[in-house]
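An overview of the molecular structure
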Amino acid sequence: MSVEVLLKVEKLSKHFQVKRTLSDMRQNTPKTIKAVDNVSFEVHRGETLGLVGESGCGKTTTTKVILGLMKPDSGRVLFEGDDVHGKLPKPKYSQIHRDIQAVFQDPAGSLDPRMTIGQITREPLEIHRIGTPASREETARKILDAVGLTAEQYERYPHELSGGQQQRVAIARALALHPKIVILDEPVSALDMSVRTQILNLLKDLQSEFGLTYVSVAHDLGVIRYMCNHVAVMYLGQIVENCATSELYENPIHPYTRALLEAVPVPDPSARRISRDYLRGSMPSPISLPTGCRFHTRCPHVIDICRTVEPQLLEVTKGHLASCHLADTFAHKSIAS
Amino acid sequence: MTDTSSASRPYPARAATFWRSYSRNRGAVFAFFFLVALVSAAVLANYLFPGDVEAPDMSRIMLPPSFSAVLGTDYLGRDQLTMLVFGARTSLIVAFSAGGLLAVVGTIAGLLAGYFGGKVDGLIMRIADVFLTIPILPLILVIVSLTGPSLLNVMFAIGLTSWPVMARVVRSDSLALMKREFIEIERVMGASSRRIVFKHLLPNQLNSVLVYTSLSIPVVILTEAALEFLGLTPLSVSWGFMLNVAMNYWIRGTWWMSFFPGLAIFATALAFYFVSEGLKEALNPKLKRRRESLVAQIAERKK
Amino acid sequence: MQDLSVRFYLASGVVNAVENLSFNVRKGVGFGIVGESGSGKTVTALTIMGLLARPPGRIDSGKILYNGTNLLTTSQEDMRRLRGKSIAMVYQDPMTSLNPVLRVCFQIAEALMVHEKISQHEAEARAVELMSAVGIPDAEKRAKEYPHQFSGGMRQRIMIAMALATKPDLLIADEPTTALDVITQSQILALLEDLQRKYDMTVILVTHDLGIVAQLCDEALVMYAGHGMELNTVKGIFSHSKHPYTRGLLESTTRVDKEISRLTSIPGNIPDMIDPPTGCRFHPRCPLADNRCARQEPPAFPQVSGGYSKCWRSEPT
């Protein structure tokens with residue numbers, strides 16, 4: 001029995017043009033940033049997909065395209081089978097705006113400073129003309145309660161709330177319309193440690209309570225492991241690995257993933273391992289991408305083919321995709337070696 | 001429990017709270033009453049000073065302030081205080097209407113340019129540039145030659161040449177706001193353009209809009225003065241006009257002829273400024289909590 | 001450090017940034033100061049360096065003894081000499097800590113020229129050496145470049161080179177890797193560890209990341225709301241801490257190495273520093289709190305390891 005695919009990203013590409021100088025134009029050097037390059041993945045109903053990567057890998061741009069804030073240059077985003085950017089009849093269009101919601105990174109920035117918490121939470125209901133003013137207030141109060149805010153905070157302004165509370169408001173607003181899928185873009189990175197887990201637990205609880213599907217974008221691998229049941233790793237605009245969470249952390253295949261996992265300092269002094277065999281060099285500029293495999297300039301296992309031929313994202317072991325020429329070799333080696 | 005936030009209470013209650021917050025700024029209150037007094041005086045001028053006010057009395061020309069003429073007399077022997085009050089009419093009408101015109105046109109242009117960006121922005125800004133380059137003098141000469149001198153012309157001329165700068169200010173604020181995350185979320189939620197522009201972009205820019213408008217008022221008054229001096233308007237009494245006339249006579253030591261009109265312009269401009277500052281503070285949600293009554297604050301702490 | 005209290009006197013109220021903080025750092029040790037925002041950890045670091053902005057900050061009490069000298073009573077002149085020569089600091093944001101209009105080798109050399117009175121030529125040569133010591137490839141060539149030509153990780157290495165130029169005895173690093181990505185972070189941490197060993201430096205590392213503390217430090221101080229809650233060896237903190245806040249932090253940290261089905265979060269919010277809770281600062285959020293915790297601030301009960309635990313539950317029976 002396969003769970004229905006709720007969101008499908010198909011060969012998505014998004015490029016940005018950078019101003020070219022005269023010498024660039026003479027030499028015909030391209031100046032496009034391939035922020036997202038041929039990215040494909042699926043999100044099943046009820047699951048939480050993690051999109052991991054360093055800054056500049058394209059994960060945020062991908063979410064913006066999924067949310068309709070940017071138009072793709074090629075490829076499609078299909079929500080329940082419909083192309084989000086296509087020509088849809090008005091009711092369908094409206095429905096999609098109700099079903100896909102988002103929570104962003106900056107808790108204060110995502111709330112209009114001139115509106116009260118109550119107004120902010122009622123906003124989505126007003127936009128879609130749901131119910132009456134009285135019923136909207138009731139719904140808003142209920143949702144604010146569900147995210148752990150008190151009744152008297154209904155009339156407060158965002159600046160009177162702490163970061164964690166502000167993020168709860170953002171979550172409440174996202175849930176007001178009972179969406180099907182919520183895109184979480186670094187929902188806790190701007191919060192203090194002791195509050196982070198509160199919000200993560202809240203998100204988990206709300207997921208089961210409301211039957212939500214999440215796409216969780218983050219750079220913190222610990223958060224991803226806790227929140228997600230499926231992970232896609234991005235590097236310079238491409239997906240380099242895609243598999244179930246436990247698979248990723250126990251049997252990572254792609255050298256980039258392995259390097260990331262080894263680099264995270266573990267809060268356990270007995271497992272002392274500041275890894276010394278780190279990657280060479282630093283992340284290439286997205287304007288001048290390396291040939292062949294984008295990761296080859298830093299990969300400790302690079303061979304000739306890596307420099308010329310771009311690897312494809314293929315299924316290496318069951319349910320585990322990776323894009324690396326040496327994927328098969330790595331699949332059968334544990335991370336300890 | 002019903003929502004007692006300001007957006008949903010009936011108007012009288014909202015007005016009362018607004019006044020309470022506004023009145024925290026004493027300068028703003030004073031300025032407000034000053035303007036009210038000024039406007040009333042201008043409106044009731046005919047009743048306050050009955051008779052033919054504009055009739056020259058050559059026997060009393062250019063007298064310094066005294067008991068009979070508290071602010072002195074002008075170059076035609078008329079009482080300056082009377083002239084000032086009548087002049088207030090013109091100056092205030094022009095200030096409000098031209099100021100209002102430039103504020104409205106400038107703000108809308110700026111909002112549209114900032115919200116839509118791209119081609120729309122380019123188009124609006126090019127239009128603004130065109131208007132920016134139109135010098136006001138030739139423009140009003142053209143208008144006057146076509147339709148004759150009138151107050152409306154003055155208003156139009158000033159408004160048309162001043163809105164581009166306002167548009168620029170609003171546009172840059174709007175562009176910056178469009179990048180903010182709460183605006184992006186509005187788009188994700190499917191808010192209409194109108195909603196985003198008027199419910200989110202505009203309120204978050206009120207500061208700039210208010211400040212810029214209030215700073216434009218004195219400029220408007222003085223521009224009107226210059227136009228009058230050239231005889232392009234039918235009016236013979238306005239502060240600016242009085243000022244300009246006074247400039248020809250100052251060498252005779254008639255300081256009161258320029259001082260009082262000048263003071264009037266200055267005071268009015270300052271009043272507008274204070275009012276806008278008061279409005280800014282009154283509308284700022286970040287200051288709202290401090291205005292709650294002591295009782296409410298104590299009750300809160302006990303929780 | 002003995003009984004340090006630092007307060008900020010602001011128009012809106014008095015912020016009790018640090019209160020009665022005491023701890024000792026032995027030579028050559030990697031010492032971590034762990035805390036969230038508002039814990040006072042950065043203020044502590046700045047106070048040691050004498051870089052606290054006063055006003056509005058004020059050191060209301062305490063002593064900071066460095067090799068016997070009280071830094072708080074040292075003159076500005078002497079502090080300046082100490083800073084950069086024996087005590088150096090590395091800041092969080094490498095983007096803004098470097099002067100964008102000066103060449104990199106000059107910025108490193110500056111410290112040398114001021115403190116060791118050597119010629120610019122000599123200082124710059126030493127600067128190049130330092131740059132390769134911190135792992136910048138092609139140091140000779142890159143020394144002539146400007147900060148914007150380097151990546152974030154490289155800039156942080158330059159900052160470290162600047163700090164190490166005068167071979168300080170004490171290096172204070174305030175969140176040195178927060179602005180960097182994970183891989184660069186591990187490179188910088190490895191560098192710090194190597195350098196500490198090589199130069200036998202004492203390192204005070206201020207951070208909110210428990211992983212970094214576990215990997216890099218030997219002893220640590222856990223701060224919360226301006227108070228030193230626990231002082232212990234790193235092994236002690238991670239395996240048998242008795243302080244509820246430390247335990248709360250440990251239990252709520254996400255892990256990369258273990259699968260956890262449910263983390264226990266610390267309820268509530270970080271307190272308002274102008275009006276902090278009475279008694280123990282942590283009591284409103286503490287699962288073990290009782291009436292005494294709310295009324296009376298617990299003293300720092302000394303522990304077997306030599307550190308302390310500021311909690312009534314750690315009271316020796």
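This text goes with the structure placed above it.
Summary of the structure given here. In this convention, every chain numbers its residues from 1, walking through the sequence in written order. Both sets of labels track the order of writing: A upward for chains, 1 upward for ligands. Local features are withheld for residues below a pLDDT of 70 in this predicted model, meaning they are given only at 70 or higher, and side-chain atom pairs are given and counted only at 80 or more; totals for whole chains, interfaces and linings count all residues.

1. A short note on the overall build of chain B
The criterion, for reference: Only DSSP runs of H or I with at least four residues qualify as helices, and only runs of E with at least two residues qualify as strands; both kinds are numbered from the N terminus onward. Burial is judged by counting the other C-beta atoms within 10 Å of a residue's own C-beta: 20 or more makes it buried, 12 or fewer makes it exposed, and any count in between marks it as partly exposed, with every C-beta position built from the backbone. For every residue pair, C-beta atoms are placed from the backbone, and the pair is scored as a contact if these atoms sit within 7 Å.
Scanning chain B for helices and strands turns up 14 helices and zero strands. The helix and strand sequence of chain B, counted from the amino end, reads α-α-α-α-α-α-α-α-α-α-α-α-α-α. A total of 303 residues make up chain B; the buried ones form 37% of that total. A fraction of 68% describes how many contacts in chain B between residues 6 or more apart in sequence connect residues 24 or more apart.

2. Structural notes on the interface of chain B and chain A
What counts is decided by this rule: All residues other than Ala, Val, Leu, Ile, Met, Phe, Trp, Tyr, Cys, Pro, Asp, Glu, Lys and Arg, Gly among them, are scored as polar; the first ten of these are nonpolar and the last four charged.
The partner chain A presents 26 residues to the 22 residues of chain B that form the contact. Only α8 (181-189), α9 (193-201) and α13 (285-288) of chain B provide two or more residues apiece to the side of chain B that touches chain A. Counting residues per element, the side of chain B that touches chain A draws most heavily on α8 of chain B, at seven residues. The residue inventory of the side of chain B that touches chain A, partitioned by class, reads eight nonpolar, five polar and nine charged.

3. With respect to the interface of chain C and chain A
Interfaces are frequently sized by the accessible area removed from exposure as the parts join. Each partner contributes to the interface: chain C provides 40 residues, whereas chain A provides 36 residues. Of all elements in the fold, only α8 (182-199), α9 (210-216), α10 (234-240) and α11 (244-252) of chain C reach the threshold of two or more residues within the side of chain C that touches chain A. Here the element with the most residues in the side of chain C that touches chain A is α8 of chain C; it accounts for nine residues. Grouping the amino acids of the side of chain C that touches chain A by side-chain chemistry returns 16 nonpolar, 16 polar and eight charged.

4. Focus: the pairing of strand β8 (residues 213-218) of chain A
Looking down a regular strand, the side chains alternate between one sheet face and the other. Residues and elements named next belong to chain A. Where we set the bar: Two strands are said to pair when DSSP picks up at least two bridges between them.
Most of β8 sits out of view: six of its six residues are buried. Judged by which residues are buried, β8 turns out to be covered on both faces: Thr 213, Val 215 and Val 217 on one side and Tyr 214, Ser 216 and Ala 218 on the other are all buried. Pairing analysis gives five bridges linking strand β3 (residues 48-52) to β8, with the strands arranged parallel. By the bridge assignment, Leu 49 is partnered in β8 with Val 215. Strand direction decides the pairing type here: strand β7 (residues 181-185) and β8, joined by five bridges, are parallel. Pairing of Ile 181 across the sheet is with Thr 213, part of β8.

5. Quick notes on helix α7 (residues 151-178) of chain B
To keep things clear, this is the line we draw: To estimate the expected span of a helix, count its residues, drop one, and scale the result by 1.5 Å. Note that the bend at a residue is defined as the angle between axes fitted to the seven residues ending at it and the seven residues starting at it.
Look at α7 of chain B: 39 Å from first C-alpha to last across 28 residues, which is about the 40 Å you get at 1.5 Å a residue. The largest bend in α7 of chain B is about 35°, located at Trp 163 of chain B, with the proline Pro 164 of chain B one to four residues further on.

6. Comments concerning the packing of helix α4 (residues 80-116) of chain B against α7 of chain B
Packed helices, taken two at a time, are described by the angle between their axes plus the distance between the axes. Residues and elements named next belong to chain B. Which entries qualify depends on this criterion: Angular values range over 0 to 180 degrees, each being the angle between N-to-C directions of two axes fitted as lines to C-alpha atoms, with helices fitted over their stretch in contact. Should the near helix be turned anticlockwise from the far one by less than a right angle, the crossing is termed left-handed; should it be turned clockwise, right-handed.
Packing of α4 against α7 brings their axes to within 5 Å, and their N-to-C directions diverge by 35°. Our pair here, α4 against α7, has a crossing hand that is right-handed. Across the contact of α4 with α7, the residue classes tally to 22 nonpolar, eight polar and two charged.

7. Topic: the nonpolar core
Note the cut-off: The term nonpolar core means buried Ala, Val, Leu, Ile, Met, Phe, Trp, Tyr and Cys residues held together as one set by C-beta atoms within 7 Å.
In this structure, Ile 108, Ala 161 and Ile 172 of chain C are the most contacted members of the largest nonpolar core, which totals 256 residues. By residue number, the principal contributor to this core is α4 of chain B, which donates 16 residues. Not counting residues up to four positions away in its chain, the partners in contact with Ile 172 of chain C are Ala 45, Ile 48, Met 49, Ile 87, Met 89 and Ile 204 of chain C.

8. A word on the packing of helix α7 (residues 193-210) of chain A against α11 of chain C
Which entries qualify depends on this criterion: Throughout, the term roughly parallel applies to angles under 35 degrees, roughly antiparallel to angles over 145, roughly perpendicular to angles from 65 to 115, and oblique to all others.
As a packed pair, α7 of chain A and α11 of chain C sit with axes 9 Å apart at the nearest point and diverge in direction by 45°. Judged by the angle between their axes, α7 of chain A and α11 of chain C are oblique. Read as a crossing pair, α7 of chain A and α11 of chain C show a hand that is left-handed. Residue-level contacts link Met 193, Ser 194 and Thr 197 of chain A of α7 of chain A to Gly 248, Leu 249 and Ser 252 of chain C of α11 of chain C.

9. Observations concerning the environment of Thr 257 of chain A
Residue and element names in this part refer to chain A. Relative to the helices and strands, Thr 257 resides in helix α10 (residues 255-263). Overall, Thr 257 belongs to the buried group, with 24 C-beta atoms counted inside 10 Å. The sequence separation of Thr 257 and Gly 164 amounts to 93 residues, and the corresponding C-alpha distance is 30 Å.

10. Looking at the sheet that holds strand β10 (residues 238-244) of chain A
Residues and elements named next belong to chain A. Within the open sheet, the eight strands sit side by side as β6-β7-β8-β3-β9-β10-β12-β11. Their pairing is mixed. Lying at the two open borders of the sheet, with one neighbouring strand each, are β6 (100-103) and β11 (314-317). For this sheet, the mean angle separating the axes of adjacent strands, direction not counted, is 25°. Running over the sheet, helix α2 (residues 59-66) touches β3, β7, β8 and β9 (230-235) and is turned about 150° from β7.

11. So, the pairing of β7 of chain A
Residues and elements named next belong to chain A. To keep things clear, this is the line we draw: Every crossover in which the path from the first strand over the helix to the second runs clockwise, viewed with the strands pointing away from the viewer, is termed right-handed.
Of all five residues making up β7, five are buried, and the element is well covered by its neighbours. Side chains Ile 181, Ile 183 and Asp 185 of β7 all project onto a buried face; the interleaved residues Val 182 and Leu 184 project onto the opposite face, where all are buried too. Bridge count for β6 against β7 is four bridges, and the pairing is parallel. If you follow Val 103 over to β7, its bridge partner there is Leu 184. As for the winding sense of the linkage, the β-α-β connection from β7 through α7 to β8 is right-handed.

12. Here we look at the sheet that holds strand β1 (residues 2-10) of chain C
Residues and elements named next belong to chain C. In space, the three strands of this open sheet follow the order β2-β1-β4, with antiparallel pairing throughout. Unpaired on one side and paired on the other, β2 (13-21) and β4 (57-63) mark the two borders of the sheet. Strand-to-strand twist of the sheet, defined as the mean angle between neighbouring strand axes without regard to direction, takes the value 10°. With five bridges connecting them, β1 and β4 associate as antiparallel partners. Along β4, the bridge assignment pairs Gln 2 with Lys 63. Packed onto the sheet, helix α1 (residues 41-49) meets β1, β2 and β4 and runs at close to 75° relative to β2.

13. Remarks on unusual backbone geometry
Positive phi, normally seen in glycine, also occurs at Glu 80 of chain A, with a value near 50°. With respect to the element layout, Glu 80 of chain A can be found in the loop between β4 (74-79) and β5 (82-83). Of note, the phi angle at Asn 20 of chain C is positive, near 45°, even though the residue is not glycine. Following the sequence through the fold, Asn 20 of chain C ends up in strand β2. The class of Asn 20 of chain C is partly exposed, set by 18 C-beta atoms lying within 10 Å.

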